[in-house]
Amino acid sequence: MNFQCNNSSNSNILQIIKEEVIECKKCNLSRTRKNAVPGEGPTQASIMFIGEAPGAKEDDTGIPFVGRAGNLLEKIFNNIPIFREDVFITNIVKCRPPNNRNPLDIEIKSCTPYLINQINLINPRIIVTLGKYALLNFSPTGKISEDHGKMLIWNKRILYPVYHPAAALRNKNILKSLESDLKKIPEILLLTLSKKLKK
Ligand code: URA
Ligand code: SF4
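Cut-off values and rules
Residues numbered from 1 in each chain as written. Chains lettered and ligands numbered in written order. Predicted model: local features only at pLDDT ≥ 70, side-chain atom pairs only at ≥ 80, totals over all residues. Heavy atoms only, no water. Helix = DSSP H or I, 4+ residues; strand = E, 2+ residues; numbered from the N terminus. Expected span 1.5 Å × (residues − 1). Buried < 20%, exposed > 50% of the residue type's maximum accessible area, 1.4 Å probe, protein only. Arc of directions from axis to C-beta. Phe/Tyr/Trp six-rings, centres within 6.5 Å; stacked < 30°, edge-to-face > 60°. Lys NZ or Arg CZ within 6 Å of the ring centre and 35° of its normal. Contact = heavy atoms within 4.5 Å. 1 Å grid on protein atoms, 1.4 Å probe; cavity = no way out; pocket = protein on both sides within 12 Å on 5 of 7 lines; lining within 4 Å. Points joined across faces, edges and corners; volume = space filled by probe spheres on them. Nonpolar A, V, L, I, M, F, W, Y, C, P; charged D, E, K, R; others polar.

## Things to note about unusual backbone geometry
Okay, step 1: With an omega dihedral of -5 degrees, the bond running from Ile80 to Pro81 counts as a cis peptide bond.
Okay, step 2: Relative to the helices and strands, Pro81 resides in the loop between α4 (68–79) and β2 (88–91).
Okay, step 3: Even without being a glycine, Lys156 presents a positive backbone phi close to 65 degrees.
Okay, step 4: You can see Lys156 is positioned in the loop between β4 (152–154) and β5 (157–162).

See below:
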């Protein structure tokens, strides 16, 4: 696929990826899912949020982060403010693992090309990974307890790991870290607009 194209063809290709994901049978998760969850957001989003895998509510609806973790994320967004409709939200693995188990390496490997194509098309200024597994996908030696809230570099892009909102629902300290890390995103976005870091 050629990614050197204009915005309207980018959004067409993004739509084609969505349709491919919805029909995809590349791994065994296709047998147990109700709906694949390709992700949603504008083609030219400056920020991409990447979670681990859909949960029950996402599997029911085909929309990412609409369960309890998603509600918390949106609540934190509202206080910053970050507008959900301005950012692209997706997951490493697009189909729900049974009983919300962690995705297997083979499932991640099968699904990652969709994510990489989404990143190349959207061309975000910041990739925000939510939780340990999303971080590990970009930084195999990463440690969420040390790396959260740090600006890292991945393929010439800013990688900004934060805790997963589901972990924040279980632990007050994690919630505080998640809130303060997400609060810094507008500032980081401004930094990327300065000449020095401009793509
Ligand atoms: N948790 C995730 O990692 N992704 C979702 O879409 C929902 C919950
Ligand atoms: Fe395809 Fe990814 Fe779903 Fe597996 S998880 S069936 S690779 S879309």
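Structure shown, so let's carry the discussion forward.
## A closer look at α4
Think of an α-helix as turning once every 3.6 residues; residues three or four places apart then point the same way.
Okay, step 1: Over its 12 residues, α4 runs 17 Å from end to end, which matches the ideal 16 Å to within 8%, given 1.5 Å per residue.
Okay, step 2: The set of residues buried in α4 consists of Ala69, Gly70, Leu72, Leu73, Ile76 and Phe77. Summarising the axial view, the buried residues of α4 lie within an arc of 160 degrees, below the 170-degree limit, and thus occupy one face. Facing away from the buried side of α4 by more than 90 degrees, the exposed set consists of Arg68, Lys75, Asn78 and Asn79.

## Here's the deal with the packing of aromatic side chains
Okay, step 1: Evaluated as defined, the whole model comprises 2 aromatic pairs.
Okay, step 2: Each ring, one from Phe138 and one from Trp154, has its centre 4.9 Å from the other, and the planes form 90 degrees; the classification is edge-to-face. Taken as a pair, Phe138 in helix α6 (residues 132–138) and Trp154 in strand β4 lie far apart in primary sequence, 16 residues in all. Trp154 shares its class with Phe138; the two are buried.
Okay, step 3: Positioned above the aromatic ring of Tyr114, the side-chain terminus of Lys26 is 4.6 Å from the ring centre.

## Side note on the environment of Ile108
Okay, step 1: Among the structural elements, Ile108 can be located in helix α5 (residues 105–122).
Okay, step 2: A residue is classified by how much of its surface remains accessible, and Ile108, at 18% relative accessible area, is buried.
Okay, step 3: The contact partners of Ile108, leaving out residues within four places of it in the chain, are Ile92, Val93, Pro103 and Asn137.

## Points about the layout of surface pockets
Okay, step 1: The space that makes up the largest pocket amounts to roughly 500 Å³.
Okay, step 2: Lining the largest pocket we find 23 residues, and of these Ala53, Gly55, Asn100, His164 and Ala166 sit closest to its centre.
Okay, step 3: Looking at the lining of the largest pocket, the elements with two or more residues in it are α3 (56–61), α4 and α8 (165–170).
Okay, step 4: Here the lining of the largest pocket is built from residues that sort into 10 nonpolar, 7 polar and 6 charged.

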